[in-house]
Amino acid sequence: MFPVQVEFHRDELLVSYAARTARANGLLGVEDLFKDLEISAQAFHAGDSSAIERFASVAEINPERARAQTFHAVADDRFTIADELLSDKHLLRRQFRVCPACMRADIGPELTRETAPRAYARIAWSLTPVHSCPIHHLLLVLPPEPGTNFDFTHGWEPWLFELFEGDLDKPTQAEGKYEAFAAAVLNGENPPKPGYLARLDLGAIGAAAEAMGLSSTHGAKWSKTELSAEDAAVASDVGFEVLSGGEPGVQSLFDELRFSKGKPQERPPGRYGTLHEWLLRGGGAGAEFAPLQDHLSRHIQDTWPLGPKDICFRSKVTVRRFHSILTAAAQYGLRPGQVQDLLNGAGMQGALPLPEYEQIYDARAVEVVLDRVSSSVSLQAALKLLGLTRNQM
């Protein structure tokens, strides 16, 4: 048992509790605590059961809670915490972002040597898609200068005065919808999981909410390097609502991108923009995002005139479902204007909100119309057979 005890909070990282315990008992940092207890720091930070149980025994805390509130390394760069499986790319485990207002609430009305160790790191703050505090509407912040890895108090103790005075506050317009959801999940509150929230892991939900929200608020060609933390936080609220809406919500966003104004010859990567690249090769290319990848692939197949040898997301198209005026003209060796006249004459109309030359039509219906004239030699074939130019005709 430690001479000075600090409270182990239900939403606190175990490594935060260890660091606060070390400082409350006069040690320089958590590394000194581990040395005194003969615990391997590497094993502790990897979630090794024997290391966690040894610490819990000395601290006189519930070992099951201790294990639940620390990261356990598993295969493929993944960790578990609070019964959630998370990719390392969605975690910030070595340094600690905080909500300054939450820290002030922990400390109380006066900042003293005795009250400073009350401030603790929430589990949810370790998720990189968590941008803000849904309670105080402040952006999460890192200490102005990084401290020792895995040592919460060493990183933040030098900056507690600035934090206490409000100098590090960064107000946000974001509501923190994903942030509130993530905190509830990690605290074991079992919040509702409508739509895609039930089909993606917790880290993937946050990353997808940000990417989809940015596509909705900043258009197809957004670049994260050109956007602020505030932009990402506000966009995350929008994307979280999209994901909560399930397939209809995501379909609506894909429609918005597909049917927006663009270059006439623009292909899917250009029209869906950064979101397409993100799901294909970027941060959303992992297996945990498969439901969204499949949905985008279906949307492309349902709204583009793709034919054999075209690539739809990651797959080669084998059967043509739709024609546009341009693809039909290329297949039949006709001018686009001729195809347009023939389709109009047959009373064919496209159902999508697209310009006429981008409109798509059922491929079989188009071929039935154009096959009627296929028995006669096409203009292009006739010129070739006769050795004439178009002007000579």
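Being a predicted model, the structure only gives us computed values, none of them experimental. (Residues numbered from 1 in each chain as written. Predicted model: local features only at pLDDT ≥ 70, side-chain atom pairs only at ≥ 80, totals over all residues. Heavy atoms only, no water.)

### So, the nonpolar core
- Membership of the largest hydrophobic core comes to 99 residues, with the highest contact counts inside it found for Phe44, Phe55, Trp156 and Leu243.
- Leaving out residues up to four positions away in the same chain, Leu243 has contacts with Pro194, Gly195, Tyr196, Leu197, Leu200, Ile205, Ala208, Ala209, Met212, Val250 and Leu292.
- One finds Tyr332, Leu334, Val366 and Leu370 within the second-largest nonpolar core, a separate group that totals 12 residues. (Core = buried A, V, L, I, M, F, W, Y, C linked by side-chain atoms within 4.5 Å. Buried < 20%, exposed > 50% of the residue type's maximum accessible area, 1.4 Å probe, protein only. Contact = heavy atoms within 4.5 Å.)

### So, the sheet that holds strand β3 (residues 84–87)
- Spatially, β1-β2-β3 is the arrangement adopted by the 3 strands of the open sheet, whose pairing is antiparallel. Strand pairing shows two members of the sheet lacking a second neighbour, β1 (72–74) and β3, which therefore form its edges. Within this sheet the neighbouring strands show an average axis-to-axis angle of 35 degrees, counted without direction.
- Bridge count for β1 against strand β2 (residues 78–81) is 3 bridges, and the pairing is antiparallel. Each residue of the ladder has a partner; that of Val74, found in β2, is Arg78. (Pairing = 2+ DSSP bridges. Helix = DSSP H or I, 4+ residues; strand = E, 2+ residues; numbered from the N terminus. Axes fitted to C-alpha atoms, helices over the stretch in contact; angles between N-to-C directions.)

### Observations concerning the packing of helix α10 (residues 202–218) against helix α11 (residues 229–244)
- Two numbers describe how α10 lies on α11: the axes approach to 6 Å, and their chain directions differ by 100 degrees. When the axes of α10 and α11 are compared, the pair comes out roughly perpendicular. Within the contact between the two elements, α10 uses Ile205, Ala208, Ala209, Glu210, Met212, Gly213, Leu214, Ser216, Thr217 and His218 and α11 uses Asp231, Ala232, Ala235, Ser236, Val238, Gly239, Phe240, Val242 and Leu243.
- Taken together, the residues of the contact of α10 with α11 sort by class into 11 nonpolar, 6 polar and 2 charged. (Parallel < 35°, antiparallel > 145°, perpendicular 65-115°, else oblique. Nonpolar A, V, L, I, M, F, W, Y, C, P; charged D, E, K, R; others polar.)

### As for the pattern of salt bridges
- Tallied over the full model, the rule gives 19 salt bridges.
- A salt bridge links Asp106 to Arg122; the nearest nitrogen and oxygen atoms lie 2.6 Å apart. Pair noted here: Asp106 is in helix α6 (residues 100–107) and Arg122 is in the loop between α6 and α7 (152–156), with a separation of 16 residues, a long-range link.
- What makes Asp106 buried here is its relative accessible area of 15%.
- Since its relative accessible area comes to 13%, Arg122 is described here as buried. (Salt bridge = Lys/Arg side-chain N within 4 Å of Asp/Glu carboxyl O.)

### Examining the side chain of Thr153
- Along the chain, Thr153 turns up in helix α7.
- Separated by 3.1 Å, the side chains of Thr153 and Asp151 make a polar contact.
- Residue contacts for Thr153: discarding those within four places in its chain leaves Ala19, Arg20, Arg23 and Pro158. (Polar contact = N/O pair within 3.5 Å; in protein donor to acceptor, adjacent residues only side chain to side chain.)

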